Amino acid sequence: MLPHLINGIALGVLFGLLALGFMLIVGVMEVINLAHGSLFALGAYIAMEIVNPGWLAAPNVGYLGLPLPLRYGLALLLAPLLVGVIGMGLERLVRRTYGKKAEYGLLLTFGAALVLEEGIRIVWGKGEQNMPVPDSVNGSFVVGDLVYSKYRFFASFLGIVFMGLTWAFLERTPYGARVKAGAHDSEMVRALGINISRLRLFVFAFGSGLAAVAGIILTPIWGLRPHVGVDAVIPAFLIIVLGGVGSFWGAVIAGLLVGITVGITGGYAAEWSVMSMYILLILVLSFRARGLMGKKSALEA
Amino acid sequence: MRLARIALALTTLLVLGSACKKKGDGATGADPKPGDKAPIVIGITADASGQYANSGDSDKRGILMAIQEQNAKGGLLGRPIKSVALDTETTPATGSRVAERLVKQEKVAFLVGAMSSGVANAVSQVAQKYGVIYLNTNSSSPSESAENCHRVKFVWDGNGTNFSQAAVKSAIDKFGKRWLLITNDYGWGHDTSNATKKLVTDAGGNIVGEILVPQGTRDFSSVLLKAQQKSPEVIAAAVGGDDVKAMRMQVSQMKLGSKYAWINNQQDWPDVYGLPRTDMFGVFGTTWYQGLDLPGVKDFVARYQKANPDATIKTPGNVFYNGYWATRSLFEAVEKAKTTNSHAVIKELEQLKIPAAVRMQHHDAYMNPKTHQMQQTIYLATANLDSNDPDDLFKILSNTAPDQVIDKDADAKCKLEPFEATPVYEP
């Protein structure tokens, strides 16, 4: 049981990270960003290009002569920034749907997801790609009789770091306070003289950047192919609904719960491992319709 | 506002680019040469999205190359050949809908293409209803030529039992008797693992457990922990599509590829193309490899490259090969029958025999008239660690003649509908 529980927690951190960017955008803008998965994939592809540029032919010379951990670190910094800029462009398009029916935003981001995925196919092709990771975090280690993946625990560690940074930003900076206020009551924030349009632009970029971070960290485990974003967007959506829309801790706790549920089910009834997260969602929503830490709706007040 | 315009322009460019690209490999391929006679339309039922999208693309390319070559020879019975491809989405319900549409609206003469056994089964039920000949090009579930066989359906891939027959006995002798099965939780996975189970126990081996893996699994950590707890000597995996790619990466990360003897049933070329060699641990089966040292192989590779300059996969693999040969053999059967009448063509296909030299395999191939499955050479391979060539991925370990790997259960289970109960179809 213990190995499966530890594995589930490690997996849960990664699920939590996957949902963070999605949570921010839904929370502040009330837009279900169906392009989250494509931004996740795009982040991984851009990072792959930064770590190992295909157009640089000579290995171990010039940029490719730099140590892999350095190039990986650079990718972890630059790829989310670039995807954040693309997220800004997407927000400028989504902006037209604010205050209108929710379906418009949903359809627009769905369309954007298709365009981004096709764009990836055009640039990088349909086939499987390889997201390189430093040798020092690759391979395995043995505890007792069991072999564990080093990278999985490194990925979980990175996940905790990025969650911590996101928390610190939201809770410890004035801008984070504005983001939270924007999520709570955007009209009041606007009335206080804060430029809500700029705030939304920033949040979309930040959420997109977090999607890219999740892509860079998760694709060495899941594999990298143009439609890998589809694998990401469904659990991300499930986790924010489970955790409560717009709640940071809701996303983190829901991610951990899903990870533990999938991990333990995988160990004892693997055929139910994918289904188990949906059963968990049904169970939680049956008793708590707004999710674990979601805001009370007017009907419940 | 300006930024929005730029973004919109970029989006439009991407969409247009995508649309242009689609035109190259899109819905209707291999345009016929102008002529007075009505074209013969081939309905392509390959998966273009979902778990088997990548393999579906290879399958379709194989079918299209056979059509192009036939059109270059003057068409079929003097008629040009057209194709209509619809995405079966790796979903059986979509497969049924697509097959209905191709037959009823597009008036296709034949249905060709399959990756998923669930989809192939669904398409074949529709085909049998109308009497349309259907070529299951690449689904390797044993049930396709056993309990789910049909008079109109012909299966062109080796199946799970064929591959297990080729691998199990020698693996027990070489690696040990304690076997663990990792099985994709759907038709093909179950059928293949059941075949392996029977062969292992018949050969004196012991199944220490079976782990069922749902389709769409991306995280195999729990499965791999559980596998270790079972302490097997051999792990036989019947996992396909994107699932097997994720599994291979994670096994490789945990360095478990060398800890156990891995027997991976069939390994489709599009599933491994582009993977690092370290991810290609274990022994796996295939029906064909582009590095076979046989006459005609180099020419076939060159024809593939000429016909598919846009393909990410630079050399043809088993999936393309099956798509191509199924379609080409169909055309040859039609020419022999001198008609597209479905009963006449079925009778020709049931007698099909192709010499090894023609099919670029080590042994002669033939169609089993009782099960409608192509009996052919089964190869076992492993990763070629001696080469850095991205296309020279496999090292062929053995080739086994079709009669040595025959699926005896299929003969008993397959009950083909009589001709009288199969509608005559002649487009």
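Keep in mind that what you see is a predicted model, and the values were worked out from it rather than measured.

1. Observations concerning the pairing of strand 14 (residues 378-383) of chain B
Residues and elements named next belong to chain B.
Move 1: Buried residues dominate strand 14, accounting for 5 of its 6 residues.
Move 2: The sheet contact formed by strand 10 (residues 283-286) and strand 14 spans 3 bridges and is antiparallel. Bridge pairing links phenylalanine 284 to alanine 381 in strand 14.
Move 3: By the bridge criterion, 6 bridges tie strand 14 to strand 15 (residues 394-400) in an arrangement that is antiparallel. By the bridge assignment for strand 15, alanine 383 is matched with phenylalanine 394.

2. Quick look at the interface of chain B and chain A
Move 1: Each partner contributes to the interface: chain B provides 42 residues, whereas chain A provides 41 residues.
Move 2: For the side of chain B that touches chain A, the elements supplying multiple residues, two or more each, are helix 1 (2-25), helix 2 (53-72), strand 7 (206-213), helix 7 (221-229) and helix 8 (241-253) of chain B.
Move 3: Sorting elements by how many residues they give to the side of chain B that touches chain A places helix 1 of chain B first, with 9 residues.
Move 4: When its residues are assigned to classes, the side of chain B that touches chain A shows 20 nonpolar, 13 polar and 9 charged.

3. So, the packing of helix 1 (residues 2-29) of chain A against helix 8 (residues 196-222) of chain A
Residues and elements named next belong to chain A.
Move 1: Two elements in contact, helix 1 and helix 8, have axes whose closest approach is 9 Å; the angle formed by their N-to-C orientations is 165°. Taken together, helix 1 and helix 8 sit at an angle that is classed as roughly antiparallel. Considering how the two elements wind past one another, helix 1 and helix 8 form a crossing that is left-handed. Residues Leu14, Leu17, Leu18, Leu20, Gly21, Phe22, Leu24, Ile25, Val28 and Met29 of helix 1 form the contact with helix 8, whose own contacting residues are Arg200, Val203, Phe204, Phe206, Gly207, Ser208, Leu210, Ala211, Ala214, Ile217 and Leu218.

4. Quick notes on the domain arrangement of chain B
All names here are of chain B.
Move 1: Its domain assignment divides chain B into domain 1 (2-158 + 295-376 + 409-421) and domain 2 (160-286).
Move 2: Once you take the C-alpha centre of each, domain 1 and domain 2 turn out to be 28 Å apart.
Move 3: Contacts between domain 1 and domain 2 engage 18 residues on the former and 21 residues on the latter.
Move 4: By residue number, the principal contributor to the side of domain 1 that touches domain 2 is helix 2, which donates 3 residues.
Move 5: Within the side of domain 1 that touches domain 2, the residues separate by chemical class into 4 nonpolar, 13 polar and 1 charged.

5. As for the confidence of the model for chain B
Residue and element names in this part refer to chain B.
Move 1: Mean pLDDT over chain B works out to 87, with 92% of the residues at or above the 70 mark.
Move 2: Within the model, pLDDT remains below 50 along residues 1-30, and this stretch shows 33 contacts once partners closer than five positions in the same chain are excluded.
Move 3: As scored by the predictor, the complex reaches a pTM of 0.75 and an ipTM of 0.73.

6. A short note on the pairing of strand 2 (residues 146-149) of chain A
Residues and elements named next belong to chain A.
Move 1: Inspection of the sheet shows strand 1 (residues 140-143) paired to strand 2 by 4 bridges, in the antiparallel sense. In the strand pairing of strand 2, valine 142 is matched with valine 147.
Move 2: The turn joining strand 1 and strand 2, which pair antiparallel and follow one another in sequence, is formed by 2 residues; a positive phi near 65° is taken by glycine 144.

Definitions and limits used
Residues numbered from 1 in each chain as written. Chains lettered and ligands numbered in written order. Predicted model: local features only at pLDDT ≥ 70, side-chain atom pairs only at ≥ 80, totals over all residues. Buried ≥ 20, exposed ≤ 12 C-beta atoms within 10 Å, placed from the backbone. Helix = DSSP H or I, 4+ residues; strand = E, 2+ residues; numbered from the N terminus. Pairing = 2+ DSSP bridges. Contact = placed C-beta atoms within 7 Å. Nonpolar A, V, L, I, M, F, W, Y, C, P; charged D, E, K, R; others polar. Axes fitted to C-alpha atoms, helices over the stretch in contact; angles between N-to-C directions. Parallel < 35°, antiparallel > 145°, perpendicular 65-115°, else oblique. Left-handed = near helix turned anticlockwise from the far one by under 90°. Domains from an automatic or database assignment. pLDDT = per-residue confidence, 0-100.

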